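Chain and residue survey
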Amino acid sequence: MKLLRYYDGDSVYPGVLDATGTLRALSSVVPDIDGAALTSGALDGVDVDALPIVPGEMRLAPCVGGVGKFLCIGLNYSDHAEEAGMPIPKHPILFLKANSAISGPHDDILLPRGSVATDWEVELGVVIGKTAKYVNEATALDHVAGYCVINDVSERDFQTKRTGQWTKGKSCDSFGPIGPWLVTKDEISDPQNLGLTCDVNGERMQTGSSDKMIFTIAQIIAHLSEMMTLHPGDVIATGTPPGVGMGMTPPKYLKPGDKVRLEIEGLGVQVQTVRADD
């Protein structure tokens, strides 16, 4: 299934796409697409075609609600590590995004005050569907609910020049677009063989494949579960391929009016407009 959340006025409702791409309301089945819904079994066997159609064009919300942890893996593509001039890590590099950074897939990217180096990063997102603690690599994917597109928007000066951890440059408002939908894992035969692209103003910046990951999704989940319990609804961003603005000569960063388009094979498209934060 392609699960999503949409706005009707100021309220957010759960939905699902049918085989024709028509939006159907899920409110009669679950109150939200969140950790509770993903573990309750309520979505099993749902007759999507029997659900009411949602008329009109709805603004999409982040495809997962009530996210407990937004975990991100850095330098997880061999070709991106080469681009950044950094050695291959021995273990997954972990940083966090503040949950307040989460935004809808087509919401504007807000340049924070003082930003001079806001960058794009298309990433394969993993949503946890079953509690994971001390799991091994062989069973790690059993704990996945599905996959989604994430833009790990990053302010590089905040990230690298303002003393502290990467989280400073990763957590500004709007820096975590998630969606357009959560594609359940049964629809993705091999998450380690998905194409990823990112265009800025119609120019292709990133082209990559998840087969270039240094640490696979299973390895990431197993590693993280050794140090913290992963709960249903937690989101993991698994790293970005080469082509980010920081890696260009000279570096190229986002400015007001820019359009960013991200796509992952089988997971949909995000499109964002960049504007200055108020």
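Here goes a summary of the coordinates provided. (Residues numbered from 1 in each chain as written. Predicted model: local features only at pLDDT ≥ 70, side-chain atom pairs only at ≥ 80, totals over all residues. Heavy atoms only, no water.)

1. Some points on the overall build of the protein chain
What counts, and what does not: The helix count covers DSSP runs of H or I at least four residues long, the strand count covers runs of E at least two residues long, and both are numbered beginning at the N terminus. Radius of gyration: C-alpha atoms only; globule rule: 2.2 Å multiplied by the number of residues to the exponent 0.38. Each residue is placed in one exposure class: buried if its accessible area under a 1.4 Å probe, protein chains only, is under 20% of its type's maximum, exposed if it is over 50%, and partly exposed if it falls in between. In this description, contact between two residues means that some pair of their heavy atoms is separated by no more than 4.5 Å. Method for areas: the Shrake-Rupley scheme with a 1.4 Å probe, in which residue coverage is limited to the protein chains shown. Counting rule for charge: Lys and Arg are taken as positive, Asp and Glu as negative, and neither His nor the chain ends is counted. Where a charge lies is defined by one atom per residue type, namely NZ (Lys), CZ (Arg), CG (Asp) and CD (Glu).
Within the protein chain, the secondary structure is distributed over five helices and 18 strands. For a compact globule of 278 residues, the expected C-alpha radius of gyration is about 19 Å, and the protein chain comes in at 18 Å, within 12% of that figure. Dimensions of the protein chain, computed from the C-alpha atoms along their principal axes, are close to 55 × 45 × 30 Å. Within the protein chain, buried positions represent 54% of all 278 residues. A fraction of 74% describes how many contacts in the protein chain between residues 6 or more apart in sequence connect residues 24 or more apart. As displayed, the protein chain offers around 11800 Å² of accessible surface, 51% of which is attributable to carbon and sulfur atoms. For the protein chain, the centre of its 23 positive side-chain charges and the centre of its 36 negative side-chain charges are spaced 6 Å apart.

2. A short note on the sheet that holds strand β3 (residues 23-25)
Formally: Pairing between two strands requires that DSSP report at least two bridges joining them. To obtain an axis, a line is fitted to C-alpha atoms, over the contacting stretch when the element is a helix, and the angle between two such axes runs from 0 to 180 degrees between their N-to-C directions.
One open sheet accounts for nine strands, arranged β3-β2-β1-β13-β10-β9-β16-β4-β5; its pairing is mixed. Lying at the two open borders of the sheet, with one neighbouring strand each, are β3 and β5 (93-96). Averaged over all pairs of adjacent strands, the angle between strand axes in this sheet comes to 30 degrees, irrespective of strand direction. Pairing between strand β4 (residues 70-74) and β5: four bridges, direction antiparallel. Following the sheet pairing, Gly74 is matched in β5 by Ile93. Helix α5 (residues 217-225) rests against β4, β5, β9 (122-128), β10 (144-151) and β16 (235-237) of the sheet, and its axis sits at about 55 degrees to β9.

3. Examining α5
Summarising burial for α5: eight of the nine residues are buried, a large majority. Within α5, burial applies to Ile217, Ala218, Ile220, Ile221, Ala222, His223, Leu224 and Ser225. Summarising the contacts, the buried residues of α5 are in contact with β4, β5, β9, β10 and β16.

4. Regarding the sheet that holds strand β15 (residues 203-209)
Taken together, the five strands give an open sheet; going across it, the order is β7-β18-β17-β14-β15, and neighbouring strands pair in mixed fashion. On the outer flanks of this sheet lie β7 (109-111) and β15, each paired with one strand and no other. Between one strand and the next, the sheet's axes are offset by a mean angle of 20 degrees, whatever the strand orientation. Here strand β14 (residues 195-200) pairs with strand β17 (residues 259-264) via five bridges, running antiparallel. Looking across to β17, one finds that Asp199 is bridged to Arg261.

5. Structural notes on the environment of Gly243
By the secondary structure assignment, Gly243 is in the loop between β16 and β17. When the C-alpha positions of Gly243 and His80 are compared, they lie 7.6 Å apart, and in sequence the two are 163 residues distant. Sequence-distant contacts of Gly243, defined by excluding residues within four places in its chain, comprise Glu83, Trp120, Met205, Gln206 and Met248.

6. Quick look at unusual backbone geometry
The linkage connecting Gly179 with the following residue, Pro180, adopts the cis geometry, with an omega of 20 degrees. Along the chain, Pro180 turns up in the loop between β12 (176-177) and β13 (182-184). A cis amide bond links Thr249 with the next residue in sequence, Pro250, at an omega value of -5 degrees. Note on placement: Pro250 falls in the loop between β16 and β17. The backbone phi angle of Leu75 is positive, close to 50 degrees, even though this residue is not glycine. With respect to the helices and strands, the residue Leu75 is situated in the loop between β4 and α2 (78-84). On the basis of relative accessible area, Leu75 is assigned to the buried category, the value being 8%.

7. Side note on the packing of aromatic side chains
Rules: Pairing of aromatic side chains requires ring centres within 6.5 Å, counting the rings of Phe and Tyr and the six-membered ring of Trp. Pairs whose planes differ by under 30 degrees are stacked, by over 60 edge-to-face, and all others tilted. Each ring is checked for a lysine NZ or an arginine CZ that lies within 6 Å of its centre and within 35 degrees of its normal; such an atom marks a charge sitting over the ring.
As enumerated under the stated definition, the model contains two aromatic pairs in all. A ring pair is formed by Tyr6 and Tyr13, whose centres lie 6.0 Å apart and whose planes are at 35 degrees; its orientation type is tilted. For Tyr6, a relative accessible area of 6% gives the class buried. Relative accessible area serves as the criterion here: at 32%, Tyr13 is assigned to the partly exposed category. The ring of Tyr7 has Arg59 lying over it, and the distance from NZ or CZ to the ring centre is 4.1 Å.

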